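Letter by letter, the chains look like this.
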Amino acid sequence: MPLLGTTDLHRHDGHQILSAGSGVLGAITDAGAWFSPATRALWIPAGTAHHWRAHGHLAVHMLGLPASENPLSLDEPTVLIVSPLLRELLLQCPANPTITTPQADPADDRTLGALGTEAWASERTLSRLFRSELGMMFPQ
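If you're wondering where the values come from, they're calculated on a predicted model, not measured in any experiment.

Novice: Explanation requested: the overall build of the protein in the structure shown.
Specialist: Within the protein one finds three helices and six strands. Scanning the protein from its N terminus toward the C terminus, one meets helices and strands in the order β-β-β-β-β-β-α-α-α. Counted over contacts in the protein with a minimum sequence separation of 6, partners at least 24 positions apart contribute 70%. By element, 58% of the accessible surface of the protein is carried by carbon and sulfur atoms, the whole surface being about 8,600 Å².

Below, the structure written as structure tokens:
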């Protein structure tokens, strides 16, 4: 969604990962300011009072996580490197919130090939991404 200008000071009940598809996104808190071009993302922990500032024509992508889940163990805003896997999550999740993942349903017994078909990726690509991004093989 294109966004120009700034937002009012606000906070969220859950954590957010924000990424600029174009332009530069700035998040300002009482503790400082963090800036994110398209190759980076911003981690905003749950409850952090912040506002955004757009630099250039900004297309922002958001991924929300419940406050009970903090996979990065970060308690303050942080600039993140956007890996190919994170980029795809940021691009796809908001566009189709009905996508289910094996992490969302542990009983999901789809094969890596079946998941690849849904994600438009080859089984080999997904296998490589599981090893490089998560440090484990798919069956694990």
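There's plenty left to go through after this.
Novice: Explain the nonpolar core here, please?
Specialist: One recurring pattern in soluble globular proteins: nonpolar side chains tend to sit buried together. In terms of nonpolar packing, the biggest core is built from 11 residues, these being L18, A20, L25, A27, W34, L42, I44, W52, A54, L58 and V60. Elements with a minimum of two residues in this core: β2 (15-29), β4 (40-44) and β5 (51-65). Ranked by size, the runner-up nonpolar core spans eight residues in total, among them A41, W43, L63 and L86.

Novice: Explain the layout of surface pockets to me, please; I cannot follow it from the model alone.
Specialist: Remark: the empty space left among the atoms is shown by a probe the size of a water molecule rolled over them. Estimates place the volume of the second largest pocket at around 300 Å³. The wall of the second largest pocket is formed by I17, L63, G64, L65, P66, E69, P71, L72, L80, I81 and L86. At the level of elements, β5 and β6 (78-81) are the ones that each hand at least two residues to the lining of the second largest pocket. Counting residues per element, the lining of the second largest pocket draws most heavily on β5, which supplies three residues. Here the residues of the lining of the second largest pocket sort into nine nonpolar, one polar and one charged.

Novice: So what exactly am I meant to see when it comes to helix α1 (residues 84-92) here?
Specialist: The α-helix winds at 3.6 residues per turn, so residues separated by three or four positions along the chain end up facing the same way. For α1, the full list of buried residues reads L86, R87 and L90. Angular distribution of buried residues about the axis of α1 spans 105°; they occupy a single face of the element. Taken together, the buried residues of α1 touch β2, β5 and β6.

Parameters at a glance
- Residues numbered from 1 in each chain as written.
- Predicted model: local features only at pLDDT ≥ 70, side-chain atom pairs only at ≥ 80, totals over all residues.
- Heavy atoms only, no water.
- Helix = DSSP H or I, 4+ residues; strand = E, 2+ residues; numbered from the N terminus.
- Contact = heavy atoms within 4.5 Å.
- Areas by Shrake-Rupley, 256 points an atom, 1.4 Å probe, with all protein chains shown as cover.
- Core = buried A, V, L, I, M, F, W, Y, C linked by side-chain atoms within 4.5 Å.
- Buried < 20%, exposed > 50% of the residue type's maximum accessible area, 1.4 Å probe, protein only.
- 1 Å grid on protein atoms, 1.4 Å probe; cavity = no way out; pocket = protein on both sides within 12 Å on 5 of 7 lines; lining within 4 Å.
- Points joined across faces, edges and corners; volume = space filled by probe spheres on them.
- Nonpolar A, V, L, I, M, F, W, Y, C, P; charged D, E, K, R; others polar.
- Arc of directions from axis to C-beta.

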